[in-house]
Amino acid sequence: MPEKRRYIRMSTVFPVEFELASENGLRSRVILLQGFTRDVGEGGMCIELKSFGRETERRLQIPDLSLDLTINPSFSAGPIHARAKIIWLKKQDNPLPAKYWLGVEYVMIDANSRKR
């Protein structure tokens with residue numbers, strides 16, 4: 001199967017935090033989640049998460065939901081901030097607790113952060 005990715009990926013693990021805004025786009029019901037990168041590229045990344053509530057799982061499936069990311073690479077003096085949208089969501093139920101993988105694409109990231 002031919003590779004569909006537009007950018008080279010690094011199989012690197014960094015802590016990442018992100019916020020889900022409420023469905024109407026306001027920040028009144030923000031959900032903060034933490035996970036780890038599975039692979040990172042210039043155009044996006046895969047984030048691995050542990051189990052969370054059904055409401056959060058439902059909201060993660062909203063088309064084009066935007067996330068405010070704070071990526072904490074070990075080689076960097078400070079965090080990288082970006083906005084991304086979810087491209088795909090996968091869930092592994094067994095073994096428990098469930099794991100989730102989010103494929104996200106950056107929609108806003110400054111050029112220096114993208115290069116880092």
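Residues numbered from 1 in each chain as written. Predicted model: local features only at pLDDT ≥ 70, side-chain atom pairs only at ≥ 80, totals over all residues. Heavy atoms only, no water.

### Focus on the environment of Tyr-106
Then comes step 1: By the secondary structure assignment, Tyr-106 is in strand S7 (residues 99–108).
Then comes step 2: With 64 residues separating them along the chain, Tyr-106 and Glu-42 place their C-alpha atoms 8.5 Å apart. (Helix = DSSP H or I, 4+ residues; strand = E, 2+ residues; numbered from the N terminus.)

### Regarding the side chain of Glu-48
Then comes step 1: Mapped onto the fold, Glu-48 is located in strand S4 (residues 44–50).
Then comes step 2: Residue classification places Glu-48 among the buried residues on the basis of a relative accessible area of 13%.
Then comes step 3: Separated by 2.9 Å, the side chains of Glu-48 and Arg-38 make a polar contact.
Then comes step 4: If we ignore the near neighbours within four places in the chain, the residues touching Glu-48 are Gly-35, Phe-36, Arg-38, Lys-99, Tyr-100 and Trp-101. (Buried < 20%, exposed > 50% of the residue type's maximum accessible area, 1.4 Å probe, protein only. Polar contact = N/O pair within 3.5 Å; in protein donor to acceptor, adjacent residues only side chain to side chain. Contact = heavy atoms within 4.5 Å.)

### Topic: the nonpolar core
Then comes step 1: Residues Phe-18, Ile-47, Leu-67, Leu-69, Leu-102, Val-104 and Tyr-106 are the most contacted members of the largest nonpolar core, which totals 26 residues.
Then comes step 2: Counting residues per element, the ones that place at least two in this core are strand S2 (15–20), strand S3 (31–41), S4, strand S5 (66–71), strand S6 (80–92) and S7.
Then comes step 3: Ignoring sequence-local partners within four residues, the contact set of Val-104 consists of Gly-43, Gly-44, Met-45, Ile-47, Leu-67, Leu-69, Ala-84, Lys-85, Ile-86 and Ile-87. (Core = buried A, V, L, I, M, F, W, Y, C linked by side-chain atoms within 4.5 Å.)

### Describing the pairing of S4
Then comes step 1: In terms of burial, S4 is largely enclosed, as six of its seven residues are buried.
Then comes step 2: The pairing of S3 with S4 spans four bridges and is antiparallel. When the bridges of S4 are listed, Val-40 appears paired with Met-45.
Then comes step 3: In this structure, the hairpin formed by S3 and S4 is closed by a connection of two residues.
Then comes step 4: Here S4 runs beside S7; their pairing, made up of seven bridges, is antiparallel. Bridging across to S7, Glu-48 finds its partner in Trp-101. (Pairing = 2+ DSSP bridges.)

Note that all results are geometric; they support no functional claim without further evidence.
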